[in-house]
Amino acid sequence: MKILNFGSLNIDWVYNVDHFVKPGETLSALSVDRFCGGKGLNQSVALSKAGASVFHAGGIGIDGQFLKERLKESGVDVSFVKTFDVPTGNAFIQVDKTGQNCIILFGGANQEITKEYAEEVIKNFQKGDIIVLQNEISSLNEIVDMAYESGLQIFLNPSPMNEKILALDLNKITYFMMNEIEGEAITGSNEPDIILDKMIEKYPKSKVVLTLGDKGARYAEGTKRIACGSYEVKAVDTTSAGDTFTGYFIAALADNMEIEKALERSAKAAALAVSVKGASNSIPLPEEVDNCKLTLKK
Ligand code: RIB
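Presented here is a report on the structure given in the accompanying data block. (Residues numbered from 1 in each chain as written. Predicted model: local features only at pLDDT ≥ 70, side-chain atom pairs only at ≥ 80, totals over all residues. Heavy atoms only, no water.)

This next bit is on the pairing of strand E9 (residues 153-156). Relative to E9, strand E8 (residues 130-133) is paired through four bridges, and the arrangement is parallel. Residue pairing in the sheet places Val132 in a bridge with Phe155 of E9. Handedness of the crossover is the feature at issue here: the chain leaves E8, passes through helix H4 (residues 140-149), returns alongside E9, and the resulting connection is right-handed. Pairing analysis gives two bridges linking E9 to strand E10 (residues 175-179), with the strands arranged parallel. Within E10, the position partnered with Phe155 by the bridge is Tyr175. (Pairing = 2+ DSSP bridges. Helix = DSSP H or I, 4+ residues; strand = E, 2+ residues; numbered from the N terminus. Right-handed = clockwise from strand over helix to strand, strands pointing away.)

Laid out in structure tokens, this is it:
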């Protein structure tokens, strides 16, 4: 079974600030750093670090070649990554003293993905293979349709949530990897158990992983429900915590790990990512996950 991640690659500009800038305010940042990011790139790095073989497809500009290098160094196959004659996507990220962030995205080359390019990539994969998707690239609708027609298992992280996600035929999704905000946008509820019930009611063939930050994660499949606690850490930067969880979880499933264990391992990896500044660079190695002494809060 092969894993393809068709997803964004961004240059992340991270500004550490006392508080998020307010309308009309000019705020001095405490520091600025440049990191390799993008939900797609982060998830591919997490998948690879967690032990999976992963192919990444997506777009960068000339100014973003170092992102491709970053994927390569992390063990990701980059033969499908394409360079376009436009700037690389980038993210302007404010991180406050509590480690929370807010992000402005510029799509750049991530928005150059066409149906034709997607077809060229997807024809290399077959029934049963996994495709991982987020919502930071163009032609997402066409990619979902093509992947479904090819019999791929579609893992969708519906992030960032917007009308493009709501316009997809979500019945085609094998696995939703979502948080409460995304769950609420699809189901109208902000209560985790209700989100899961409504998701299964609307999409009975799908499986749902709902991440709840410091309240852990939940899993739903038919009538089955599994709850996982969280690991307490001092939050330095929450950027890429969800991506780390997603990558570790899919790698664990591909390795036939049982769901309870996969949830716990992914939650631990995400907790470690939160304790380090940055995006893909904060994703831990499996030995760091195995050796860390964090305890699970039920
Ligand atoms: O999920 C975190 C990512 O979201 C950042 O790396 C940033 O690039 C945005 O895409």
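Moving on: the sheet that holds strand E7 (residues 101-106). Spatially, E3-E2-E6-E7 is the arrangement adopted by the four strands of the open sheet, whose pairing is mixed. Looking at strand neighbours, the two that pair on one side only are strand E3 (31-37) and E7, the edges of this open sheet. Neighbouring strand axes in the sheet, compared pairwise and without regard to direction, differ in orientation by 20 degrees on average. Strand direction decides the pairing type here: strand E2 (residues 10-16) and E3, joined by seven bridges, are antiparallel. What sits directly across from Ile11, in E3, is Cys36. Against the sheet, helix H2 (residues 65-73) makes contact with E2 and E3, and its axis sits at roughly 65 degrees relative to E3, the strand it touches most. (Axes fitted to C-alpha atoms, helices over the stretch in contact; angles between N-to-C directions. Contact = heavy atoms within 4.5 Å.)

Bringing the state of the cysteines into the picture now. Applying the stated criterion to the full structure yields zero disulfides. Free cysteine Cys292: the closest other cysteine sulfur is in Cys228, separated by 13 Å. (Disulfide = S-S within 2.5 Å.)

What follows deals with the site of the ligand. In the vicinity of the ligand there are 14 residues, among which Asp12, Gly38, Lys39, Glu136 and Asp243 approach most closely. Lys39 is positioned with one of its side-chain polar atoms (N or O) 2.8 Å from an oxygen atom of the ligand. For the ligand, an oxygen atom lies 2.6 Å from a polar atom in the side chain of Glu136. Contributions of two or more residues to the shell around the ligand are made by E2, helix H1 (39-49) and E7. Class assignment for the residues of the shell around the ligand results in four nonpolar, six polar and four charged. (Near = heavy atom within 4 Å. Polar contact = N/O pair within 3.5 Å; in protein donor to acceptor, adjacent residues only side chain to side chain. Nonpolar A, V, L, I, M, F, W, Y, C, P; charged D, E, K, R; others polar.)

The subject of this paragraph is the nonpolar core. Core analysis: the largest hydrophobic core is formed by 46 residues, its most contacted members being Tyr175, Phe245, Phe249 and Leu263. Not counting the four nearest positions on each side in its chain, Phe249 is found in contact with Tyr175, Met177, Val209, Ile259, Ala262, Leu263 and Ser266. Phe6, Leu152, Ile173 and Met178 belong to the second-largest nonpolar core, a separate cluster that totals 40 residues. (Core = buried A, V, L, I, M, F, W, Y, C linked by side-chain atoms within 4.5 Å. Buried < 20%, exposed > 50% of the residue type's maximum accessible area, 1.4 Å probe, protein only.)

Within a pair of aromatic rings, the relevant descriptors are the distance that separates the centres and the angle that separates the planes. Under the criterion given, the structure shown has 11 aromatic pairs. Look at Tyr15 and Phe92: their rings are 5.1 Å apart centre to centre, the planes differ by 50 degrees, and that puts the pair in the tilted class. In this pair, Tyr15 is assigned in strand E2 and Phe92 in strand E6 (residues 89-95), connecting sequence segments 77 residues apart. For Tyr15, a relative accessible area of 26% gives the class partly exposed. Looking at Phe92, the relative accessible area reads 33%, which means it is partly exposed. (Phe/Tyr/Trp six-rings, centres within 6.5 Å; stacked < 30°, edge-to-face > 60°.)

With that settled, the discussion passes to helix H7 (residues 192-202). Along H7, the residues classified as buried are Pro192, Ile195, Leu196, Met199 and Ile200. Taken end-on, H7 shows its buried residues confined to a sector of 125 degrees, consistent with a single buried face. (Arc of directions from axis to C-beta.)

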